[in-house]
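Geometric and topological summary
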Amino acid sequence: ETEGPARGGGGGADAGAEALRSVHEALSALQAESQGAAQLEREVAAARAEAGEARRAEREAAKGMEEAQQAERRAVAREAAAAREAEQARAVVDSLRATSAVPGGAPGGDDEGAGGGGGHRVLHLSGGPAQKATEALVEQLRAKNRALRQQVEQLTGAPVSEGFESRPGSPARGASGSGGGPEVAAALAELAKTKAALESAQVSSERLKSVFRAQINNFREAVCRLWGYRVDMVERRYTLTPFLAEHRSHNLVFQSEEDGTMNMLETEWCASLTDLIRTYIEEGDSIPAFLAATTLELHRRQQHAS
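First, a word on what this report is: a plain description of the structure on this page. (Residues numbered from 1 in each chain as written. Predicted model: local features only at pLDDT ≥ 70, side-chain atom pairs only at ≥ 80, totals over all residues. Heavy atoms only, no water.)

**Looking at the overall build of the protein chain**
A tally of helices and strands in the protein chain yields 6 helices and 6 strands. Counted from the first residue to the last, the protein chain has its helices and strands arranged as α-β-α-β-α-α-β-β-β-β-α-α. Counting only residues that meet the buried cut, the protein chain has 27% of its 306 residues in that class. Across the protein chain, contacts joining residues at least 24 apart in sequence account for 49% of those joining residues at least 6 apart. (Helix = DSSP H or I, 4+ residues; strand = E, 2+ residues; numbered from the N terminus. Buried < 20%, exposed > 50% of the residue type's maximum accessible area, 1.4 Å probe, protein only. Contact = heavy atoms within 4.5 Å.)

Here is the structure:
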C-alpha cells in the first residue's frame, strides 16, 4: 500500500524534468533564431553600404569618361579650326606674293640699275597696302596662336613655347623675301607647330579615354562578381541583370531622380518577385536589402534545380 504512492511521485518528477528540458530546448532555439536574425541584419547593412560605395564609384567613373569625351571633342574642334586658319593664311600669302610682283618700267636710267636690265623687278613698298595687309595678317595669326597655346596648355597641363611671336622679325626656313613673307611664313610655321601640339593632345586624350574604358569594364566586372549584378547605365537609368539570372530578360531597372532618390521601375520579371518587393521595398524601404534577398532567392532556386 505504501509503494503505490511512491511510484506515482517518481513519475511526476520525470515528467517535470522532461518539461524543463523542452523549455530549455525552446529557449535555445529562440536564441539561435535571434542570433541568425541579428547576423542577417548586419549582412544587409553591410550590403547596403557596399552598394552605396559601388554607386558612387560608378558615378565618378562615368563622370571621368564624360570629361575625357568632352576633351576629345574640344581637341578635334580646335584641330579643324587650326587647319582652316592655316589654309586661309596660305591663300593670303599666295595673294600677297602675286600682287608683290610688279612689271618694270622702260629700260635705262634708274630702272635699269634697279632691275638689272629688262623684264620684271620686285618692288618693296614701305607702308603700302600689301605690307599693311601682311602686318594685319601676322597680328591676327599671333592672336590666334596665343589662344591656341592657352587651349593646348589647358588640355595637356604643360607650357607651350611662344615660337615666332617672341621673334617677330626672324624669317622661317624657305620663306620668300618679299611682301612681309618671312613673318607670314613664320606664322604658318607656328600654326603647324600648334596643330602638332593639338594632335599630341588628342592622342593623349584618346589614351586617357582608353584607360577609363578599361577601368570601367574592370569595375563593372568586379561589381558583378562581388554583388551579383551586372550594371548598365543610360543617363540616370540603371539596369541590373543578376549574375544568377535564369534568362537574359530577367533584370531590374532603377531611375535616379534629381533629389537623389532611387525609384524602381516595373519590369516583366518583377511579377515573380512580388513577395520580396513588398517586404523589402514597400515595407522595408531598402533597395540593398531587396537586391541581397533577390540574390539569395536566385541562389536557392539554382541549388534546388541542381
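Further notes follow.
**Quick notes on the sheet that holds strand β4 (residues 237–242)**
With antiparallel pairing, 4 strands are arranged side by side in an open sheet as β3-β4-β5-β6. Taken across any chain shown, the strands that pair with only one partner, and hence form the sheet edges, are β3 (229–234) and β6 (262–265). Going across the sheet, the axis of each strand differs from the next one's by a mean of 25°, ignoring polarity. Sheet analysis places strand β5 (residues 252–256) next to β6, joined by 4 bridges and oriented antiparallel. The residue bridging valine 253 from the neighbouring strand is leucine 265, located in β6. The strands that helix α6 (residues 287–305) touches are β3, β4, β5 and β6; relative to β5, the one it contacts most, it runs at about 170°. (Pairing = 2+ DSSP bridges. Axes fitted to C-alpha atoms, helices over the stretch in contact; angles between N-to-C directions.)

**Structural notes on the environment of leucine 296**
Within the secondary structure, leucine 296 sits in helix α6. Separated by 52 residues in the primary sequence, leucine 296 and leucine 244 have C-alpha atoms spaced 9.7 Å apart.

**Let's talk about the side chain of serine 256**
Position of serine 256 relative to the elements: it lies in strand β5. Note on serine 256: relative accessible area 13%, which makes it buried. For serine 256, the contacting residues outside a window of four places in its chain are Arg236, Tyr238, Thr261 and Met262.

**Some thoughts on the pairing of β5**
The two faces of the sheet receive side chains in turn, since in a regular strand these alternate between them. Here β5 lies mainly inside the structure; 5 of its 5 residues are buried. Every second residue of β5 is oriented toward a common face, with Leu252, Phe254 and Ser256 on one face and Val253 and Gln255 on the other, all of them buried. In this sheet, β5 lies alongside β4 in antiparallel orientation, the contact comprising 4 bridges. Considered in β5, the bridge of tyrosine 238 is made with phenylalanine 254.

**Quick notes on the layout of surface pockets**
There is about 540 Å³ of room inside the largest pocket. Forming the walls of the largest pocket are 28 residues, and the residues nearest its centre are Ala51, Trp227, Tyr229, Leu240 and Leu291. The set of elements that each furnish at least two residues to the lining of the largest pocket consists of α1 (3–100), α4 (181–227), β3, β4 and α6. With 7 residues, α6 is the largest single contributor of residues to the lining of the largest pocket. Residue composition of the lining of the largest pocket, by class: 22 nonpolar, 2 polar and 4 charged. (1 Å grid on protein atoms, 1.4 Å probe; cavity = no way out; pocket = protein on both sides within 12 Å on 5 of 7 lines; lining within 4 Å. Points joined across faces, edges and corners; volume = space filled by probe spheres on them. Nonpolar A, V, L, I, M, F, W, Y, C, P; charged D, E, K, R; others polar.)

**Concerning unusual backbone geometry**
A positive phi angle is found at glutamate 235, which is not glycine, with a value near 55°. Tracing the backbone shows glutamate 235 in the loop between β3 and β4. On the basis of relative accessibility, which here comes to 72%, the residue glutamate 235 falls in the exposed class. Even without being a glycine, aspartate 285 presents a positive backbone phi close to 55°.

**Digging into the packing of helix α5 (residues 274–283) against α6**
With their axes 8 Å apart at the nearest point, α5 and α6 run at an angle of 155° to one another. For the element pair α5 / α6, the angle class is roughly antiparallel. In the packing of α5 onto α6, the handedness of the crossing is right-handed. Facing α5, whose interface residues are Leu276, Ile277, Tyr280 and Ile281, α6 presents Ile287, Ala289, Phe290, Ala293, Thr294 and Glu297. (Parallel < 35°, antiparallel > 145°, perpendicular 65-115°, else oblique. Left-handed = near helix turned anticlockwise from the far one by under 90°.)

**Re the pattern of salt bridges**
A side chain with one charge can pair with a side chain of the opposite charge if their charged atoms come near. The final tally for this structure, using the stated rule, is 7 salt bridges. Of the charged contacts in the structure, one is a salt bridge between glutamate 221 and arginine 230, with a shortest N-O distance of 3.5 Å. With relative accessibility at 31%, the residue glutamate 221 sits in the partly exposed group. A salt bridge links glutamate 297 to arginine 301, with the nearest nitrogen and oxygen atoms 3.0 Å apart. With glutamate 297 and arginine 301 both in helix α6 and 4 residues apart, this pair spans about one turn of that helix. (Salt bridge = Lys/Arg side-chain N within 4 Å of Asp/Glu carboxyl O.)

**Digging into the nonpolar core**
Soluble globular proteins tend to bury their nonpolar side chains together. Core analysis: the biggest nonpolar cluster contains 18 residues, and Leu240, Leu252, Phe254, Leu273, Phe290 and Leu291 have the highest contact counts within it. Elements with a minimum of two residues in this core: β3, β4, β5, α5 and α6. Of all the elements, α6 adds the most residues to this core, at 5 residues. Once residues lying within four places of it in the same chain are set aside, the contact partners of leucine 252 are Tyr229, Tyr238, Thr239, Leu240, Met264, Trp269, Cys270, Leu273, Phe290 and Leu291. If you look at the next biggest cluster of nonpolar residues, it comprises 9 residues, including Leu148, Val152, Leu191 and Leu198. (Core = buried A, V, L, I, M, F, W, Y, C linked by side-chain atoms within 4.5 Å.)

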